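# Summary of structural features
Below are the chains, spelled out letter by letter.
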Amino acid sequence: MFIRKFTNPDIDTLMTWVDNPELLFQFAGLSWTFPLKRQDLVDYFEYSDRQSYMAIGEDGHPVGFGEIINDSNPSPRLGRLLIGPGTNRGKGLGVQLIKLLVAECEQVYNPDTVYLFVLENNMAALRCYFKSGFKVSRDGHIKIGGQPFSPTALLMSLTLKP
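The present account deals with the structure reproduced in this document. Here the residue numbering is sequential within each chain, running from 1 through the sequence in written order. This being a predicted model, a pLDDT of at least 70 is required before a residue's local features are given, and a value of 80 or more before pairs of side-chain atoms are given or counted; all residues contribute to the totals for chains, interfaces and linings. Side-chain measures were taken over the full set of non-hydrogen atoms in the model, leaving aside hydrogen atoms and water.

Any Phe, Tyr or Trp ring, taking Trp's six-membered ring, that has another such ring centre within 6.5 Å forms a pair; planes under 30 degrees apart are called stacked, those over 60 apart edge-to-face, and the others tilted. Counting across every chain of the model gives 9 aromatic pairs. When the ring of Phe45 is compared with that of Phe65, the centres are 5.9 Å apart and the planes differ by 75 degrees; the resulting orientation is edge-to-face. Of this pair, Phe45 sits in helix 3 (residues 38-47) while Phe65 sits in strand 3 (residues 62-69), and the two are 20 residues apart along the sequence. Phe65 carries the same exposure label as Phe45, and that label is buried. Through pairs of rings, three or more aromatic residues link up here, namely Phe6, Phe27, Trp32, Tyr44, Phe45 and Phe65. A run of DSSP states H or I qualifies as a helix once it reaches four residues; a run of E qualifies as a strand once it reaches two. Both are numbered from the N-terminal end. A simple rule labels every residue: compare its accessible area, found with a 1.4 Å probe on the protein chains alone, to the largest value its type can have, and call it buried under 20%, exposed over 50%, or partly exposed in between.

And the structure:
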C-alpha cells in the first residue's frame, strides 16, 4: 500500500464508500449531510487547507482515505480516516494507512506527537488506533453537537519522540 495526494476524480470513489448516514457521521461528523453531494465535496477539497490522501492497494485500486490537519495545534492531527469499500474493512488496512500518514507527518512536520479524534462508540476505529500505538488522552473529550445526548469524541495521541 502507498498513499498519494487526493485528486478530484477520487471524489466519486469516496462517495461510493459512504453509503449510509451513520458511516458518514463517523467519518465526517457534522460537516456533510447524507447522501453526499458531489459539489459539496468538490468545494470542500478545493478550499480546504488540509492535506488529503488516498491509499492505493497492491492491486492499484483505492482502499483508504485520510487527512493530515495542521491547524493552530503545535502538532498535526489525522482526520477523516476511512477504509473502503466496506468489504476492505477489518483486514488491517487501517493500521497500514495510519502508518503511512504518520510517516508523512514525520517527513513534513517532524512532530513530537500526532493526534486524532474518534467517536467513543466507534469500536472498530478504536481497535485500529490502539493497534497503531495511539492512546486516549485524559483531557480530550468533546461533545459533537454540544448537546448532553451528543456523542463524545475522544482525543488520542501517538508519541513519536520522548
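On we go.
Here we take up the packing of helix 1 (residues 10-17) against helix 3. Geometry is summarised by axes, namely lines fitted to C-alpha atoms with helices restricted to the contacting stretch, and by angles between N-to-C directions that run from 0 to 180 degrees. Two elements in contact, helix 1 and helix 3, have axes whose closest approach is 10 Å; the angle formed by their N-to-C orientations is 125 degrees. Judged by the angle between their axes, helix 1 and helix 3 are oblique. Once helix 1 is placed against helix 3, the crossing between them reads as right-handed. Residues Ile11, Asp12, Leu14 and Met15 of helix 1 touch helix 3, and the partners they reach there are Arg38, Leu41, Val42 and Phe45. For classification, angles of less than 35 degrees are called roughly parallel, those exceeding 145 degrees roughly antiparallel, those between 65 and 115 degrees roughly perpendicular, and all remaining angles oblique. What makes a crossing left-handed is the near helix being turned counterclockwise from the far one by less than a right angle; a clockwise turn instead makes it right-handed. The contact rule is simple, with two residues in contact once any of their heavy atoms fall within 4.5 Å.

With that out of the way, let us pick up helix 2 (residues 21-28). Among all positions in helix 2, only Leu23, Leu24, Phe27 and Ala28 are buried. With its buried residues spanning 105 degrees around the axis, helix 2 presents them on a single face. Of the surrounding elements, those touching the buried residues of helix 2 are helix 1, strand 3 and strand 4 (77-83). Two N or O atoms count as a polar contact when they lie within 3.5 Å, although within protein this holds only if one can serve as hydrogen donor and the other as acceptor, and sequence-adjacent residues are included solely when both atoms are side-chain atoms. The N-capping residue of helix 2, defined by a side-chain oxygen 3.1 Å from the backbone nitrogen of Glu22, is Asn20. Note that the arc is defined by the directions from the helix axis to the C-beta atoms.

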